[in-house]
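Chains, contacts and geometry: an overview
If you want the building blocks of each chain, they are given just below.
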Amino acid sequence: MKTKRIAFLGLFVALAFVLSYIEFMLPLNIGIPGAKIGIANLAVMVTLYTVGERDAIVLSIIRVVLVGLTFGNLSMMMYSLAGAALSLFAMLIAKRISKLSMTGVSVLGGVFHNVGQIIVAMLVLETKSLFYYLPFLIIVGTITGVVIGIVSSLITERVKKSMQF
Amino acid sequence: MKKNDIILIAITLVVALACFIGTRIWQKSNTDEDAVAVVTIDGDIYGEFPLSEDIVERIEFPDGSFNVLTVSEGYADVTEASCPDQICVHHNHIRYSGESIVCLPNKLVVEVKGGEDNGIDGSTY
């Protein structure tokens, strides 16, 4: 059982890495700093709902470090680490309260990912003016969150059917 | 999707709208004739450019990267940049106090400040 879990986690780290790469190649170019489609969150969401919470945290950290080292620079890694940490924290709480389906949890994840990035950017760049992007970041996070949530609940259903942890 | 999800989505959209309206009202009431575009790099002020004068300023960084700031017809805009994502270039031009264009890779911020009425803000630097 443990071997299966390790194999699954390795598979999903690779998947999250590739999804991040796709996201890097297709940036959401709408003129808002920090806005992300967040397709890598698919892998995190599915892990969160199949293997478990601890593995989702591990997966998130490994993904951010890998992607930061490969495609970004140190400051970009810092932004995405803050985004990933805040978003995962929000998703874990939402999942434990269990009033929301995967779509709702994913919406919270998307919104907090964007908000976390912009908060770190505000601290690093020492400017309050980034606050004006907040409404747009919330809206973008909500829309992508809904889509990611629906897709990941479809995937989770199928993964659960074919595998037991 | 559950009913709670719909409620959550509605709440986030309302919060976004409230933030948007609030900041817009503040921006409009704080912008006057003397508005300037303030350029900061990594938190340090690089320069101030009045929006009433048309200029093109090429901002170079020690590592070879650059951003080009263009001020014309009362708007400030980043028209060229070396960064990979080009978010700052695609960003709309700005004119209201508090609006900004940010280039995260180059740690550059172009921000509009309202002018004389914003004396208190100005003195905090």
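Owing to the predicted nature of the structure, the values given are computational and were not obtained by experimental measurement.

1. Quick notes on the confidence of the model for chain B
All names here are of chain B.
- When pLDDT is averaged along chain B, the result is 82, and 90% of the positions lie at 70 or above.
- Considering each helix and strand of chain B separately, the mean pLDDT is smallest for helix α3 (residues 119-123), with a value of 43, and largest for strand β4 (residues 66-72), with 90.
- The model gives residues 116-125 a pLDDT under 50, and that stretch makes 10 contacts with residues more than four places away or in other chains.
- Across the assembled chains, the prediction reports ipTM 0.76 with pTM 0.72.

2. Some words on the interface of chain B and chain A
- Listed as interface residues are 30 residues of chain B and, on the opposing side, 26 residues of chain A.
- Of all the secondary structure elements, the ones that give two or more residues to the side of chain B that touches chain A are α1 (3-29), α2 (87-90), β6 (100-103) and β7 (108-113) of chain B.
- Here the side of chain B that touches chain A takes 12 residues from α1 of chain B, the largest share from any one element.
- Looking at the side of chain B that touches chain A residue by residue, the class counts come to 13 nonpolar, 11 polar and 6 charged.

3. Things to note about the nonpolar core
- Ala 43 and Val 44 of chain A together with Ala 37 of chain B are the most contacted members of the largest nonpolar core, which totals 69 residues.
- Every residue in contact with Val 44 of chain A, bar those within four places of it in the chain, is listed here: Ala 16, Ala 56, Leu 59, Ser 60 and Leu 88 of chain A.

4. Overview of the sheet that holds strand β5 (residues 75-81) of chain B
Residue and element names in this part refer to chain B.
- The sheet built from 3 strands is open, its strands ordered β3-β4-β5 with antiparallel pairing. Each of the sheet's edge strands pairs with one partner strand only, and the pair in question is β3 (55-60) and β5. Across the sheet, the mean angle from the axis of one strand to that of its neighbour is 20°, orientation sign disregarded.
- As defined by bridge partners, β3 adjoins β4 across 6 bridges and the pair is classed as antiparallel. Residue pairing across strands places Glu 60 opposite Phe 66, the latter belonging to β4.

5. Focus on the sheet that holds β6 of chain B
Residue and element names in this part refer to chain B.
- Read from one edge of the open sheet, 4 strands run β2-β1-β7-β6, paired in antiparallel fashion. Two strands close off the open sheet at either side, each with one partner strand: β2 (44-50) and β6. Pairwise comparison of adjacent strand axes, ignoring direction, gives a mean angle of 15° for this sheet.
- As paired elements, strand β1 (residues 36-41) and β2 share 6 bridges and run antiparallel to each other.

Thresholds applied
- Residues numbered from 1 in each chain as written.
- Chains lettered and ligands numbered in written order.
- Predicted model: local features only at pLDDT ≥ 70, side-chain atom pairs only at ≥ 80, totals over all residues.
- pLDDT = per-residue confidence, 0-100.
- Helix = DSSP H or I, 4+ residues; strand = E, 2+ residues; numbered from the N terminus.
- Contact = placed C-beta atoms within 7 Å.
- Nonpolar A, V, L, I, M, F, W, Y, C, P; charged D, E, K, R; others polar.
- Core = buried A, V, L, I, M, F, W, Y, C linked by C-beta atoms within 7 Å.
- Buried ≥ 20, exposed ≤ 12 C-beta atoms within 10 Å, placed from the backbone.
- Pairing = 2+ DSSP bridges.
- Axes fitted to C-alpha atoms, helices over the stretch in contact; angles between N-to-C directions.

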